[in-house]
Amino acid sequence: MKHDTAAKKRLKNNVDRYGALFCLPFVATFLVFSLYPVLRTFQMSFLSYKGFGKETFIGLDNYTRALQDPLFGDAFLNTLKMWGLNIVLQLGLALLLTILFNDMKYRMKGLSLFRALFYLPNLIAATSVAFLFKTLLDWQYGTINQLLMKLHLVGAPIDFLNQPGTAQAVVGIVGAWMWFGNSFIMLMAGVQGINHDYFEAATIDGAGRWTIFARITLPLLRPIMLYVTITSLIGGLQLFDIPYLISGTKGTPGRSLFTAVFYLFDMAFNKNQMGYAAALAFVLFFIIAIFSALAFKLMNGKEDEV
Amino acid sequence: MNTAKLHTNIVKALLYLFLIALAVLCFIPFLLMIVNATRGGSEIMKGFSLIPGTALAENWTKVMSNLDLPRGFLNSLFLAVCNTLLVSYFSALTAYALAFYSFKGNKLLFTVMLVFMMVPAQLSILGFYNLCTSLGLINSYLPLILPSIASPATVFFLRQYILSVLPKSILEAPRIDGASELLIFHKIVLPIMAPGIATMAIGGFVGSWNSYLVPMLLINKPEKFPLPVMVASLSAVRDITTNLGAVYLVIAVSVVPIMIAFCFFSRYIISGISAGSVKE
């Protein structure tokens, strides 16, 4: 008996070594292609470095420069504006659809079909989305202007992509168009995760549809809405490809489509200021972390009041 | 009573109308893209139409004389297949090891993975680019493929998945029979994990097919361009940009395969999204 457990233990130890072995490819790749690049970026943020050639240690100079750089500030504000419009539309629409498909009075059908259709824009490469809308929104020959003119909604074609306000709005709306289906799927999964007994108990107690929604569904959905907002924030503050491509890699009209990450890449790869760009990356990371913490506090704080 | 019911039905019809309008809004840009890909440049400039034109062949010749689109397609396909295979196999292997073996460093590795799931891409991209230039990997596909071996988010998902589908007792019998650990993984664990792996594999394929930033930075030989980089280089190709039909055709070629795949796999894709959000 005693001998048996000892043998088993030895076998188990032998077996467990395989676990470490199986993780080896992951760990090796992770160290080279994930961990090292982050550490190297961090190190570069303290250097005066063009991306090639000489590296000079300059302490915190890149960081003090980043905090005083008005162009970076503008780029960050642009990012916030576009993301702000995006998340309001995206989450609002997703929430509206979630209410609709969970309504006990109307019992809407076709969830899986609609869900798939709403998700479709999210699957398409950002490059293709950007070029598609750039072409569709063209001032002279764009299909959308032709359509608006034909329906007599506008008298003259709108030059969407050449006015800062409309150009930023386009990026925000395209973002919402790409992502609302994704948020909708997550919110629906959240509703399905709510214990059905709650709804039944509330119905028996005579609560109306809206009361149930406001008092049960919405509060219990808060963690998922928080998750959607924070992931969207992390993604949204890194907004790059759509504005980059829709503005033909220039950030025009008048720098309005220059986002924070766009600015960072411009520094790194066009202006050869790799060290400064690395510092910008870390500044942006801290801002994202602070915003995420704030969003977390704000939405969790509300929960306590209920 | 009857008017109340009528009222309900009217509201319901309006709600469906809203849903259909929204679905059309999601779909119509793609429809316009496909229709316009078959119309001539001057036709598109003249006005909007939902009826396919006759200029598809002409547009194709125009595209082909300027861009090696089939080459871009094959490049994208090659990268996507490699990435999908690597991310599926190695994530499953790592997830299995993390879930079922208690070796030294297991907890640490899992924690580091969780932390890295939250690190935004722009923190590593400059260092990654720098690493690739100093290793002479510009224009090589290796940095576009190898990193798939270490995908923390996929490992995390598969670890949760395997814990819920694979009872530990299944592994005892083959072990006593003397089967090697790798054989057990290949013959028993992988088949049981297949549905979870499929979800992640499709996501991996789409992600690789659509990936733009890293290939744009690392690849500068046109014959090595994957489709998204080729699409993005469109504005520099004068001959094509003068013919909008050809522009739409290029975009359509990059988009349609994903749309077809989606028709078949939408269930897997959608379960993959919600799986990431509902964590215990």
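**Student:** Would you mind going over the overall build of chain B with me for this structure?
**Tutor:** On a plain count of helices and strands, chain B comes out with 14 helices and 0 strands. Mapped from its N terminus to its C terminus, chain B presents α and β elements in the order α-α-α-α-α-α-α-α-α-α-α-α-α-α. Relative to the 2.2 N^0.38 estimate, which gives 19 Å for 280 residues, the radius of gyration of chain B is 24 Å and therefore markedly larger than a compact globule would have. Each principal axis of the C-alpha atoms in chain B carries an extent, and together these give about 75 × 75 × 35 Å. Counting across all 280 residues of chain B, residues that qualify as buried make up 51%. Accessible surface for chain B amounts to roughly 13100 Å². Of this, 69% is attributable to carbon and sulfur atoms. In chain B, 17 side chains carry a positive charge and 9 a negative one; their mean positions are 8 Å apart.

**Student:** Is there a simple way to explain the nonpolar core in this structure?
**Tutor:** Among soluble globular proteins, nonpolar side chains are generally buried collectively. Ranked by size, the top nonpolar core spans 186 residues in total, and within it Phe118(A), Ile242(A), Phe30(B), Tyr96(B), Leu126(B) and Val189(B) carry the most contacts. In this structure, Ile194(A), Phe199(A), Ala202(A) and Ile216(A) belong to the second largest nonpolar core, which totals 5 residues.

**Student:** Explanation requested: the interface of chain B and chain A in the structure shown.
**Tutor:** It is common to report an interface's size as the accessible area lost on association of the parts. Counting residues at the interface gives 88 residues for chain B, matched by 83 residues for chain A. Taken over both partners, the interface formed by chain B and chain A buries close to 7800 Å², and the fraction arising from carbon and sulfur atoms is 81%. For chain B, the biggest contributors to the area lost against chain A are Gln122(B), Leu123(B) and Leu126(B); these three give 10% of the whole. Our enumeration of links across chain B and chain A arrives at 13 residue pairs in polar contact (both at pLDDT 80 or more).

**Student:** Can you help me understand helix H9 (residues 209-236) of chain A in this one?
**Tutor:** Counting along an α-helix, one turn takes 3.6 residues, and residues three or four places apart therefore face a common direction. In this model, H9(A) (28 residues) spans only 34 Å end to end at C-alpha, well below the 40 Å of a helix rising 1.5 Å per residue. At Arg222(A), H9(A) shows its strongest bend, of approximately 45°, with the proline Pro223(A) following within four residues.

**Student:** Help me out: how do you make sense of the pattern of salt bridges in this one?
**Tutor:** A side chain of one charge can pair with a side chain of the opposite charge if their charged atoms are brought near each other. What the rule picks out here adds up to 4 salt bridges over all chains. The salt bridge involving Glu55(A) is made with Arg40(A); its shortest N-O contact spans 3.0 Å. Taken as a pair, Glu55(A) in strand S2 (residues 55-57) and Arg40(A) in helix H1 (residues 2-44) lie far apart in primary sequence, 15 residues in all. Under the relative-accessibility criterion, Arg40(A) is labelled buried at 8%. A salt bridge links Glu43(B) to Arg39(B), with the nearest nitrogen and oxygen atoms 3.9 Å apart. Taking relative accessible area as the criterion, Arg39(B) reaches 4% and is therefore assigned buried.

**Student:** Is there a simple way to explain empty space enclosed by the protein in this structure?
**Tutor:** All names here are of chain A. For the coordinates displayed, the defined rule picks out 1 cavity of 30 Å³ or more. Of the voids in this model, the largest cavity is the one considered here, and its volume is about 40 Å³. Forming the walls of the largest cavity are Met82, Trp83, Asn86, Val171, Gly172, Gly175, Gly236 and Leu239. Every element with two or more residues in the lining of the largest cavity is listed here: helix H3 (70-102) and helix H7 (164-192).

**Student:** Looking at this structure, how should I read the confidence of the model for chain B?
**Tutor:** Predicted coordinates in regions of low pLDDT should not be interpreted in detail. Considering every residue of chain B, the mean pLDDT works out to 87; 96% of them sit at 70 or more. Mean pLDDT per element in chain B: helix H13 (residues 238-241) of chain B is the minimum at 68, and helix H7 (residues 142-145) of chain B is the maximum at 96.

**Student:** It is not clear to me how the packing of aromatic side chains should be interpreted in this structure. Could you clarify?
**Tutor:** Two numbers describe a pair of aromatic rings. These are the distance of the centres and the angle of the planes. Considering all chains together, one arrives at 40 aromatic pairs over all chains under this definition. With 4.9 Å between their ring centres and 75° between their planes, Phe30(A) and Phe116(B) make a pair best called edge-to-face. Of this pair, Phe30(A) sits in helix H1 while Phe116(B) is found in helix H5 (residues 106-117), placing the two residues in two different chains. Accessibility classification places Phe30(A) together with Phe116(B) in one group, the buried group. With centroids separated by 5.1 Å and ring planes inclined at 80°, the aromatic side chains of Tyr244(A) and Phe262(A) adopt a geometry described as edge-to-face. Highlighted residues: Tyr244(A) in helix H10 (residues 241-246) and Phe262(A) in helix H11 (residues 260-270), separated in sequence by 18 residues. Each of the two residues, Tyr244(A) as well as Phe262(A), counts as buried. Feature note: the residues Phe72(A), Phe240(A), Tyr244(A), Phe258(A), Phe262(A), Tyr263(A), Phe265(A), Phe269(A) and Tyr129(B) constitute an aromatic cluster, connected by ring pairs.

**Student:** Would you take a moment to explain the side chain of Gln90(A) for this structure?
**Tutor:** The residue Gln90(A) is located in helix H3 in this model. A polar contact of 2.8 Å, which involves the side chain of Gln90(A), links it to the side chain of Ser183(A).

**Student:** Which parts of the structure should I look at to understand unusual backbone geometry?
**Tutor:** Where the residue is not glycine, phi is negative for most of them; where a peptide bond is considered, it is trans in most cases. All names here are of chain A. Omega for the peptide link from Thr252 to Pro253 comes to 0°, which places this bond in the cis form. Within the secondary structure, Pro253 is located in the loop between H10 and H11. The phi torsion at His152 lies on the positive side, around 60°, for a residue other than glycine. Mapped onto the elements, His152 comes out in the loop between helix H6 (143-150) and H7. With a phi close to 55°, Asn272 is a non-glycine residue in the positive phi region. Note that Asn272 resides in the loop between H11 and helix H12 (274-305).

**Student:** I tried to follow a nonpolar patch on the surface on my own but got confused; where do I start?
**Tutor:** Residue and element names in this part refer to chain B. A surface patch of nonpolar side chains, about 420 Å² in accessible area, is lined by Leu6, Ile10, Leu14 and Leu17. Inspection of the secondary structure assignment puts Leu6 in helix H1 (residues 2-37). Classification of Leu6 as exposed rests on a relative accessible area of 53%.

Basis of the calculations
Along each chain, the written sequence defines residue order, and numbers are assigned to residues from 1. Going through the entries in the order they are written, you letter the chains from A and number the ligands from 1. Local features in this predicted model are restricted to residues whose pLDDT is 70 or higher, and side-chain atom pairs enter the listing and the counts only when it is 80 or higher, whereas totals over whole chains, interfaces and linings include all residues. Side-chain numbers here rest on the full set of heavy atoms in the structure, without hydrogens or water. Strands here are runs of E lasting at least two residues and helices are runs of H or I lasting at least four, both read from the DSSP assignment and numbered beginning at the N terminus. Both definitions apply: the radius of gyration is a C-alpha atom measure, and the globule rule equals 2.2 Å times residues to the power 0.38. Using a 1.4 Å probe on the protein chains alone, a residue whose accessible area is under 20% of its type maximum counts as buried, one over 50% counts as exposed, and one in between counts as partly exposed. Every accessible area reported is derived by Shrake-Rupley at a probe size of 1.4 Å, with residue values counting cover from the shown protein chains alone. Counted as positive: Lys and Arg. Counted as negative: Asp and Glu, with His and the chain ends omitted from the count. The atom standing in for a charge is NZ when the residue is Lys, CZ when it is Arg, CG when it is Asp and CD when it is Glu. Residues grouped as a nonpolar core are buried Ala, Val, Leu, Ile, Met, Phe, Trp, Tyr and Cys residues, joined through side-chain atoms within 4.5 Å. Contacts: residue pairs with any heavy atoms within 4.5 Å of one another. Throughout, the accessible surface (probe 1.4 Å) given up by two parts as they are put together, summed over both, is called the buried area. Under the rule applied, a polar contact is a pair of N or O atoms within 3.5 Å (in protein, one hydrogen donor and one hydrogen acceptor; residues adjacent in sequence only if both atoms are side-chain atoms). Here the expected length of a helix is defined as 1.5 Å per residue gap, with one fewer gap than residues. Throughout, the bend at a residue refers to the angle made by two axes, fitted to the seven residues ending there and to the seven starting there. We define a salt bridge as a contact between a side-chain nitrogen of Lys or Arg and a carboxyl oxygen of Asp or Glu at a distance within 4 Å. Any residue with an atom within 4 Å of a point lines the site, the site being either a cavity, points on a 1 Å grid over the protein atoms alone where a 1.4 Å probe fits but cannot get out, or a pocket, an open set with protein on both sides within 12 Å along at least 5 of 7 lines. Grid points are joined across faces, edges and corners, and a volume is the space filled by probe spheres set on the points. pLDDT measures the predictor's confidence residue by residue and takes values from 0 up to 100. Any pair of Phe, Tyr and Trp rings, taking the six-membered ring for Trp, is counted once the centres come within 6.5 Å. Such a pair is stacked with planes under 30 degrees apart, edge-to-face with planes over 60 apart, and tilted for the rest. Patch membership needs two things, relative accessible area over 30% and no salt bridge, and members are linked within 9 Å if like-charged or within 5 Å if nonpolar (Val, Leu, Ile, Met, Phe, Trp, Tyr).

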